[in-house]
Amino acid sequence: MADLADLWDRNATFWSGAAPGWVRHADRQDDWGRPLGAVAMERLRPRPGERILDVGCGCGGTTAELAAAVGPTGEAVGLDLSAEMLAAAVARFPNGRHPRLRFVVADLDTLDVVPGAPFDAVHSRMALMLLADPVTGCRTLRRALRPGGRLAATVFGDGSTTPWLIAAVLGAAPHVGALPPLPVGDEPGPFALADPARARRVLAEAGFDDIAVDSHDVTLTAPDDPDTVADWLIEVGPAGAVYRAAGPSRQAAARAGVAALLARFREPGAGYRLPAGLLLLTGRAPA
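Residues numbered from 1 in each chain as written. Predicted model: local features only at pLDDT ≥ 70, side-chain atom pairs only at ≥ 80, totals over all residues. Heavy atoms only, no water.

Caption draft 1: Representation of the nonpolar core in the model. By size, the foremost hydrophobic cluster in this structure holds 90 residues, and its most contacted members are L53, L128, W164 and L262. By residue number, the principal contributor to this core is strand β8 (residues 271–284), which donates seven residues. Apart from the residues within four sequence positions on either side, L128 is in contact with V55, P134, C138, L141, A153, V155 and L193. (Core = buried A, V, L, I, M, F, W, Y, C linked by side-chain atoms within 4.5 Å. Buried < 20%, exposed > 50% of the residue type's maximum accessible area, 1.4 Å probe, protein only. Helix = DSSP H or I, 4+ residues; strand = E, 2+ residues; numbered from the N terminus. Contact = heavy atoms within 4.5 Å.)

Caption draft 2: Quick look at the pairing of β8. Most of β8 sits out of view: 11 of its 14 residues are buried. Where strand β5 (residues 145–156) lies against β8, seven bridges are found, and the strand directions are antiparallel. Bridging from a neighbouring strand, A153 pairs with L281 of β8. Relative to β8, strand β7 (residues 266–267) runs antiparallel, the two sharing two bridges. The residue of β8 that forms the bridge with R266 is Y272. The hairpin formed by β7 and β8 contains three residues between the paired strands, and G269 there has a positive phi angle of roughly 90°. (Pairing = 2+ DSSP bridges.)

Caption draft 3: Representation of the environment of L130. Locating L130 in the fold gives a position in the loop between β4 (119–125) and α6 (134–144). For the pair formed by L130 and P115, sequence separation is 15 residues and the distance between their alpha carbons is 21 Å.

Caption draft 4: Expanded view of the pattern of salt bridges. Scanning all chains against the criterion turns up 18 salt bridges. Salt-bridge contacts for R92 lead to D27; the nearest nitrogen and oxygen are separated by 2.8 Å. Highlighted residues: R92 in helix α5 (residues 83–92) and D27 in helix α2 (residues 26–31), separated in sequence by 65 residues. Taking relative accessible area as the criterion, R92 reaches 21% and is therefore assigned partly exposed. The class for D27 is exposed, based on a relative accessible area of 57%. Within this structure, R24, D231, E235 and R244 form a network of salt bridges that share partners. (Salt bridge = Lys/Arg side-chain N within 4 Å of Asp/Glu carboxyl O.)

Spatial relationships are all this shows, so hold off on functional conclusions.
Right, here's the structure in full:
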């Protein structure tokens, strides 16, 4: 496994290259990708007047949802390391229309104190698995909570339960050139916290109480548009940056390759049903 400094640099480089795809597909991520975080949102049950931190907020859709839930007396703060994604979040949810919503550019891996702490709750959709040092990052989140404050986060479970994620890489790779280094072992990536025992251990070492790690099977639905669905999954995945750098003919070949591998999840005329196995991580800061 690479050392932490190398992993921090690798994360920063990857997300700098990935950001344009996430910005381009922000509405689709909010809509088609919503099931990836819905169980955490439901478990968190944000209440009017609460202050909630949204970790790895991307282009701001989940943060806006949290802001709507806490109402005019509460506040939702989105935190992400990508300045480009947060610029898109500000443009999508301007302060004039969303006064109780704000965004902070910061890398949780290197952040000691979260601006605006303490919070009543922390929410995260598919971000904690991307930390180079999840124990240290989660410890920072625990310190950012008021005593008794709660955490609810989702991460991917075992890779075999999310076959379309791998298909989006395998279908595109032969057509777009060399991909960035893929994660090995516990390195930050989609399945870094897929082992429930490791996920539980991370939260325990970070100092959380009342820890639970629960499995959930969800399904993402997308319209019957193979080209657009393939484009979306390529752009928000590991092949996104090299895909955007490829010429139109190679991009078209990559989309066709991904669409072929996704065919088993497609019902012509009805659309796509993409299964995903998640882990829901919950805990509380000591009272």
